[in-house]
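Examination of the molecular architecture
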Amino acid sequence: MEIFKPINLQSDTEKPNVENVERVRCLIIGSGPAGYTAAIYTARANMKPVLYTGMEMGGQLTTTTEVENFPGYPDGVTGHQMMEDFKRQAERFGTDVRFGVATDADFSGKILKVEIDGNKIIEADTVIIATGATAKYLGIEAEKKYAGMGVSACATCDGFFYRGKDVAVVGGGDTAAEEATYLAGLCNKVYMIVRRNVLRASKAMQERVFKTPNIQILWEHQVVDLFGENGVEGAVLVKKKGTPEEEIVKIKIDGLFLAIGHTPNSQVFKKYIDTDETGYIKTIPGTTRTNIPGVFAAGDVQDPRYRQAVTAAGSGCMAAIDAERYLAERE
Ligand code: NDP
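Residues numbered from 1 in each chain as written. Predicted model: local features only at pLDDT ≥ 70, side-chain atom pairs only at ≥ 80, totals over all residues. Heavy atoms only, no water.

Moving on, we come to the sheet that holds strand E16 (residues 247–252). One open sheet accounts for three strands, arranged E14-E15-E16; its pairing is antiparallel. The strands lining the two open edges of the sheet, one partner per strand, are strand E14 (221–227) and E16. Averaged over neighbouring strand pairs, the angle between their axes works out to 30 degrees when direction is ignored. (Pairing = 2+ DSSP bridges. Helix = DSSP H or I, 4+ residues; strand = E, 2+ residues; numbered from the N terminus. Axes fitted to C-alpha atoms, helices over the stretch in contact; angles between N-to-C directions.)

What follows is the structure, encoded as structure tokens:
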């Protein structure tokens, strides 16, 4: 197989092969609810969108099991099926859906350039970045073993399946606090596994956690393993790791929720696009416009707060409308 040499978009001496350059009106990067919704709207507005899916076709939803909170699916739907439906709807109006990953970008000129798979340049009049965010995991083997069988990174998505059961949330930030209080309303008992002896969460969120009787905080604990026959039945923790009082603790739980942060997938665009300190793309409030004219951002890559499929889809629609108006004004 031929190995393609990455194209350096900054270099004048190393121009990409002309055959590897394609001009499009609207380029969408990402295949979660934001990307596909942007595709449905831009396709119906005759903007002939080309959508590159990224490595994980369908985005984060394909890693969850059942989706029960997306309006329009009264009986629930698997994340995988829902994203298939999004894709079919985008293709029905002519979206050109392609498998490929954005590997570089050059937004320095009037024509916006994005490199795909290190071997092709897409020149676009508008670009919609919908690359999502990736939940952080602890990096232990057991997380992979029990993925979809008791390990989740989204309480709002999966909490319902643990009604009346005992679960644990890992993390001490606002997400962990929010997920723990949400789960406390559904579950029998919620352990919050915190690696330090303080919470990072805001004071208001901390208060809510402390006031919720069925949340128990396990201070200075870290998860090292999970056990169970056909799903998670418990976790092995280390208390006060690296100190003379270090000890192994086992808890019985049916589900483990990771809430140790997300990484927005904005790396490729950071040279040109303004982000906050975590990497979330900054948009002009109330719009999906970024600091670069013609480049719009939708979904989790610009949303540290809500991170829901339905809000991502909504912002994908906004990005499509913003992009269409941008083109109309320019033309
Ligand atoms: P944060 O980065 O704020 O917190 C992550 C938490 O996970 C910290 O307690 C951290 O511990 C812990 N952690 C990180 N890595 C590990 C690990 N390997 N093992 C164990 N624990 C670990 O992420 P959040 O997702 O909570 O929040 C992200 C941003 O979104 C924040 O700015 C937050 O305020 C905001 N947010 C706002 C909400 C709201 O306003 N309603 C809701 C949710 C999020 P340590 O403290 O020791 O570093």
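Overall, the coordinates contain one disulfide when judged by the stated rule. You can see cysteine 26 has no disulfide; the closest cysteine sulfur is in cysteine 317, sitting 13 Å from it. (Disulfide = S-S within 2.5 Å.)

With that settled, the discussion passes to the domain arrangement of the protein. Partitioning the protein into domains gives domain 1 (18–134 + 262–330) and domain 2 (137–258). Here domain 1 and domain 2 have C-alpha centroids that lie 32 Å from each other. For the pair domain 1 and domain 2, the number of links is zero salt bridges. Partitioning the side of domain 1 that touches domain 2 into residue classes produces no nonpolar, four polar and three charged. (Domains from an automatic or database assignment. Salt bridge = Lys/Arg side-chain N within 4 Å of Asp/Glu carboxyl O. Nonpolar A, V, L, I, M, F, W, Y, C, P; charged D, E, K, R; others polar.)

A contiguous nonpolar surface patch, about 360 Å² in accessible area, is contributed by Met55, Met57 and Phe99. Structurally, methionine 55 can be placed in the loop between strand E2 (49–52) and strand E3 (66–67). (Patch = residues over 30% accessible without salt bridge, like charges linked within 9 Å, V, L, I, M, F, W, Y side chains within 5 Å. Areas by Shrake-Rupley, 256 points an atom, 1.4 Å probe, with all protein chains shown as cover.)

Taken together, 15 residues are adjacent to the ligand, and Gly172, Asp174, Thr175, Arg196 and Arg200 come closest. With respect to the ligand, the side chain of arginine 195 contributes an N or O atom lying 2.9 Å from an oxygen atom. Contact between the ligand and arginine 200: an oxygen atom at 2.5 Å from a side-chain N or O atom of the residue. Within the complex, 72% of the 920 Å² of free accessible area of the ligand lies under protein. A per-class count over the shell around the ligand returns four nonpolar, five polar and six charged. (Near = heavy atom within 4 Å. Polar contact = N/O pair within 3.5 Å; in protein donor to acceptor, adjacent residues only side chain to side chain.)

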